[in-house]
Amino acid sequence: MSSDLYTTIEATTGLPKVEQPLGLFIDNEFVSSTQGEKYDTFNPSTMAKITSFYIGNEEDVNKATVSSRKAFDGIWSKTSPRERNALLRKLGELIKRDKEKIALLDCLDAGKPYYSNALIDIDQIIELTEFFSGSSEKFTMGDTIPISTNKYCYTIKEPFGVVALIVPWNYPFAMACWKIQGALAAGNTVIIKPSELTSLSLLYAAKLFKEAGFPPGVINIIPGKGDTVGTALAMHMDIDKISFTGSTKVGGLILECSGKSNLKDVTLECGGKSAAVILEDADLQNAVESVAEGIFFNSGQNCTANSRIYVQKTVYDKFISLLKAHIKQTWKFGSNFDLFSKDCSMGPVISKVQYNKITDILKNVPKEVNVINDPIPDSVKGYFIPPTILTNVEQSSDLMQQEIFGPVTCVSQFSTYEEAIKLANDSKYGLAAMVFTSNIDSANKFARDIKAGTVWINSSNEEEVSVPFGGYKMSGIGRELGKSGVESFLQTKTIHVPVR
Ligand code: NAD
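All values reported here derive from a predicted model rather than from experimental measurement.

Student: Explain the packing of helix H2 (residues 81–97) against helix H5 (residues 172–185) residue by residue, including any values.
Tutor: Contact geometry for H2 and H5: axes closest at 10 Å, N-to-C directions at 160°. Comparing their axes, H5 and H2 come out roughly antiparallel. Residues Arg-84, Leu-88, Leu-91 and Ile-95 of H2 form the contact with H5, whose participating residues are Phe-173, Gln-181, Leu-184 and Ala-185.

Now the structure itself:
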């Protein structure tokens, strides 16, 4: 199929062809944007153009908002929790059916290794959709509060109404679904803006929302740039809530827009610089494998990546040599740097901008810093950065304090637990942290002392869709996933009941 609003995308690997929509998705139809502007999207592993799709502007956001409001005030606010559960259940089945197609799109668009990364992302979303499809009546209950013999109060949890969602490019389909499924389970209608770099999988999924039976206007998708579509959503006077995932800098702008417009409720999932602390009594091989996964999976483009690793002095040299050996053995770009080769565990970073940013950082490290990596051959096209360890890095330096968002981690030493916890907490971020030890008391002490929204004990970056996720400090406001993934899309109404 090929027209202005659809194209066919196929990989040369025997995987299914994808009939890819290219328009904005409003009222359950794909449409061109008001001004007809298009955006080219590229495969970061080859730099080849994949296709171009329509991107919106403020006028398109206005159209989507009218559609979402009509759907909310009309059919959607009258839909029962049970009906919403059934629609989500059907959606989960369709995602499962089309898993390979969605994974293929994220593989090409975001440069994810197909087998070791893209498929795994979609497996999580099948699980997440099943989880949320049972949540509409479970996580939406209010309380009854006794006041006196002549009075009680009760609360009702209600959806906000029209919610805007803005998501980044590192897990294109997954980040979108973390928000959409919870917002719909809670009974809101949704307008979502994917990252302009990775809009294909969500546009494809629009077909699945329609096929599952979600009524027109319940989910509208407006691809576009941050400073047009993103700002228009954040400033809109008829959007009741915004949930954003992305950088801390843009998170701050979203808050500002809310303050300047209608004080819409804001949830922010922002950046991180997560610390892993490895104590001398840890199972070192497990620590090495876990932190390598925590920094190299998805080419280090993880908000919870353990980009700072603190190792107790007594085991530091052994840790470094085990880590180097493990990288050589496990973290591979695959035959011919092909994302579809079965031995590919690492892909490129997302874009030229990210590639240039990271390579500049690595070229300009202070002279005392050791850069440990195997450089990529010059003949390789694509934005590949090798797994990289930096040692002898000053705690106060940008390398240790700023998010790099690539496969680069600083490894540093400490002597005592007190020193380790001080170093780990020395960050403006507080998204996650990891501790490796065989002593349960040390693990519990670390979990108590660290200022972070998630703590992994003897593991790193293991996600569970049924537990809350979010950040302390400048890593965000609010929580997603689990019960919180629905609750964050609900507001509380209190009713006073006199008994006369
Ligand atoms: P980004 O902040 O540049 O962009 C995120 C989204 O916001 C994109 O859709 C973008 O188009 C949009 N945007 C950009 N400028 C905007 C503006 N002025 N107004 C409204 N929207 C705007 O982030 P990114 O580069 O896409 O993603 C990487 C960042 O995301 C990293 O900092 C990473 O840590 C963070 N992240 C956080 C989590 C989490 O759950 N905490 C998860 C994934 C990624």
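Student: Now, about the sheet that holds strand E24 (residues 490–498): what can you tell me, with residues and values included?
Tutor: Taken in spatial order, the three strands line up as E7-E8-E24 in an open sheet, and their pairing is antiparallel. Looking at which strands have only one partner, the edges of the open sheet turn out to be strand E7 (144–148) and E24. Averaged over all pairs of adjacent strands, the angle between strand axes in this sheet comes to 25°, irrespective of strand direction. Where strand E8 (residues 151–159) and E24 come together, nine bridges link them in antiparallel fashion. The residue bridging Ile-156 from the neighbouring strand is Lys-493, located in E24.

Student: Summarise the pairing of strand E13 (residues 265–269); cite the residues concerned and give the values.
Tutor: Across the five residues of E13, four count as buried, placing the element largely inside the fold. As defined by bridge partners, strand E12 (residues 241–245) adjoins E13 across five bridges and the pair is classed as parallel. Counted as the bridge partner of Phe-244 is Leu-268 from E13. Note on the crossover from E12 through helix H8 (residues 248–260) to E13: the handedness is right-handed.

Student: Mind laying out the sheet that holds strand E21 (residues 454–457), listing which residues take part and the relevant values?
Tutor: Backbone hydrogen bonds are what pair the strands of a sheet, in a parallel or an antiparallel way. The sheet built from seven strands is open, its strands ordered E16-E17-E18-E15-E14-E20-E21 with mixed pairing. Edge positions in the sheet fall to strand E16 (370–372) and E21, since each has one partner strand and no second. Sheet twist, expressed as the average angle between the axes of neighbouring strands with direction ignored, equals 20°. In terms of strand pairing, strand E14 (residues 275–278) meets strand E20 (residues 432–436) through four bridges, oriented parallel. Among the inter-strand pairings, Ala-275 is bridged to a residue of E20, identified as Ala-433. Each of E14, strand E15 (308–312) and strand E18 (408–414) touches helix H13 (residues 417–425); the most contacted strand, E18, lies at about 150° to it.

Student: So what's going on with the packing of aromatic side chains? Which residues, and what values?
Tutor: On inspection of all chains with the given rule, the structure shows 16 aromatic pairs. One aromatic cluster is present, formed by Tyr-6, Phe-25 and Phe-30 through successive ring pairs. Sitting over the face of the ring of Phe-489, Lys-241 holds its NZ or CZ atom 5.5 Å from the ring centroid. One residue, Lys-445, lies across the ring of Tyr-417, its end atom 4.7 Å from the ring centre.

Student: How would you sum up helix H4 (residues 114–132)? Please name residues and give values.
Tutor: A rise of 1.5 Å per residue sets the reference length of H4, with its 19 residues, at 27 Å; its end C-alpha atoms lie 26 Å apart and thus fit the reference within 8%. The axis of H4 is deflected most strongly, by about 25°, at Ile-120. Turning to H4, its buried residues are Tyr-114, Asn-117, Ala-118, Leu-119, Asp-121, Ile-122, Gln-124, Ile-125, Ile-126, Leu-128, Thr-129 and Phe-132.

Student: So, the pattern of salt bridges: which residues are in play, and what are the values?
Tutor: As enumerated under the stated definition, the model contains 20 salt bridges in all. Of the charged contacts, one joins Asp-238 and Arg-69 as a salt bridge, the two residues approaching to 3.1 Å between their closest N and O atoms. Taken together, the positions of Asp-238 in the loop between helix H7 (226–235) and E12 and Arg-69 in helix H1 (residues 58–73) put the pair 169 residues apart, joining distant regions of the chain. Residue Asp-238 is classed as partly exposed on the basis of its relative accessible area of 30%. Among the salt bridges present, the one from Glu-487 reaches Lys-483, with a minimum N-O distance of 4.0 Å. When salt bridges with common partners are traced through the structure, they connect Arg-69, Asp-238 and Asp-240 into a single cluster.

Criteria and cut-off values
Residues numbered from 1 in each chain as written. Predicted model: local features only at pLDDT ≥ 70, side-chain atom pairs only at ≥ 80, totals over all residues. Heavy atoms only, no water. Axes fitted to C-alpha atoms, helices over the stretch in contact; angles between N-to-C directions. Helix = DSSP H or I, 4+ residues; strand = E, 2+ residues; numbered from the N terminus. Parallel < 35°, antiparallel > 145°, perpendicular 65-115°, else oblique. Contact = heavy atoms within 4.5 Å. Pairing = 2+ DSSP bridges. Buried < 20%, exposed > 50% of the residue type's maximum accessible area, 1.4 Å probe, protein only. Right-handed = clockwise from strand over helix to strand, strands pointing away. Phe/Tyr/Trp six-rings, centres within 6.5 Å; stacked < 30°, edge-to-face > 60°. Lys NZ or Arg CZ within 6 Å of the ring centre and 35° of its normal. Expected span 1.5 Å × (residues − 1). Bend = angle between axes of the 7 residues up to and from the residue. Salt bridge = Lys/Arg side-chain N within 4 Å of Asp/Glu carboxyl O.

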